[in-house]
Amino acid sequence: MNVTNDGFKDRQLHIEDYLQMVSAEQGEYAEVSAHQRITENNDIITDFQTDKLLEKILSNDNLNQAFKKVKSNKGAGGVDGMKVDELLSFLKNNGKQLKQQLLEGKYKPNPVRRVEIPKETKGEFRKLGVPTVVDRVFQQAITQVLSPIYEEQFSENSFGFSPRRGAHDALKQCQANVNDGYVYVVDMDLEKFFDTVCQSKLIEVLSRTIKDGRVISLIHKYLNAGVISRGIFEKTEVGMPQGGPLSPLLSNIMLNELDKELKHRGHRFVRYADDCMIFCKSKKSAERTLENIIPFIEGKLFLKVNRNKTCVEHISRVKYLGYSFYRYRGKCRFRVHPKSIVKMDEGKNPRINKT
């Protein structure tokens, strides 16, 4: 694919271009609202210099590292149809212009392409948003600079999307809690977490640490970039797209607020992404904990607790990260949950009938 600087504007599918297409076809015009920076919380003290982050994000070394990461991950293209194999040629021809737009705050991310994949619960789907490969590079560049800053702030009980921890570390922490007598859990389910994140709350949380308003603005543009689903543009004033390199970090930043509150209240907990379990010594204590934490989650973080899937259970009746728990010789153990085994068998042999 040969792309020239002259053809740069035609090659990129910006939000306003697509909105004009939608206007012509549907007789309506939607406009993404401009970002307004939320007042910083001066009570939060950080040891990091975060007032010139954009230059660090757009440094040649960081962008080259981001490009290599995106290229190695491969993946499908976004709404503009560009493939990963075409990325290097495009960036060679247009990289300087893109970088200048980012520095001047004029860059406008493309909408993400909606992809739905079936969830474990029959009839439910997880909505993914696939960014263009160019936007994937910039999101990866942002993530590489912000991750070390926020990793220092994250709870030791948070295990998802971490370079140092994984699912088995989360399960081992569950074991330790149970062995210490915390055998009842609040199995928390946040309803459609990625789709319901309050963007203004997330921006407020980000602004406590990030003092470079250009980075805050760029992240907000990615949140507001919109979705193209079945050829139709949809605004994204609520939630954040699940599928780009930036969304895992943003989800941890948002849910770190819950972690801090649980720690402040003296609770034992384990969180892997948006899957959270709070450990208690009795069923009554767990029920009281659930009742008391819901107002914080819904009233302060503006997230929604799924009452149908959130429950208080003995650890032996819980499925967490695909595993179940049992006691052997007085100690807590974990093994692959029977439902996970069935799911793996179905994946190996799609012809197996579901019961």
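Model, not experiment: these values are computed from the prediction. (Residues numbered from 1 in each chain as written. Predicted model: local features only at pLDDT ≥ 70, side-chain atom pairs only at ≥ 80, totals over all residues. Heavy atoms only, no water.)

Turning our attention to the sheet that holds strand β3 (residues 184–189). Strand order across the open sheet formed by four strands is β6-β7-β3-β8, with antiparallel pairing between neighbours. The open sheet terminates on both sides in strands that have one partner only, identified here as β6 (268–272) and β8 (311–314). The average undirected angle you get between the axes of adjacent strands in this sheet is 25 degrees. Lying over the sheet, helix α7 (residues 167–179) contacts β6 and β7 (275–280), oriented at roughly 165 degrees with respect to β6. Against the sheet, helix α11 (residues 247–264) engages β6 and β7, with an angle of about 170 degrees to β6. (Pairing = 2+ DSSP bridges. Helix = DSSP H or I, 4+ residues; strand = E, 2+ residues; numbered from the N terminus. Axes fitted to C-alpha atoms, helices over the stretch in contact; angles between N-to-C directions. Contact = heavy atoms within 4.5 Å.)

Running from N to C, α11 and helix α12 (residues 283–299) cross one another at 145 degrees; their axes reach a closest spacing of 11 Å. α12 is crossed by α11, and the crossing has right-handed handedness. Contact with α11, carried on its side by Glu257, Leu258, Glu261 and Leu262, involves Ile293, Phe296 and Ile297 of α12 and no other residues of that element. A per-class count over the contact of α11 with α12 returns five nonpolar, no polar and two charged. (Left-handed = near helix turned anticlockwise from the far one by under 90°. Nonpolar A, V, L, I, M, F, W, Y, C, P; charged D, E, K, R; others polar.)

Next up on the list: a positive patch on the surface. A surface patch of like charges, here positive, comprises Arg327, Arg329, Lys331 and Arg333. Secondary-structure assignment places Arg327 in strand β10 (residues 323–328). For Arg327, a relative accessible area of 48% gives the class partly exposed. (Patch = residues over 30% accessible without salt bridge, like charges linked within 9 Å, V, L, I, M, F, W, Y side chains within 5 Å. Areas by Shrake-Rupley, 256 points an atom, 1.4 Å probe, with all protein chains shown as cover. Salt bridge = Lys/Arg side-chain N within 4 Å of Asp/Glu carboxyl O. Lys, Arg positive; Asp, Glu negative; His and termini not counted. Charge placed at Lys NZ, Arg CZ, Asp CG, Glu CD. Buried < 20%, exposed > 50% of the residue type's maximum accessible area, 1.4 Å probe, protein only.)

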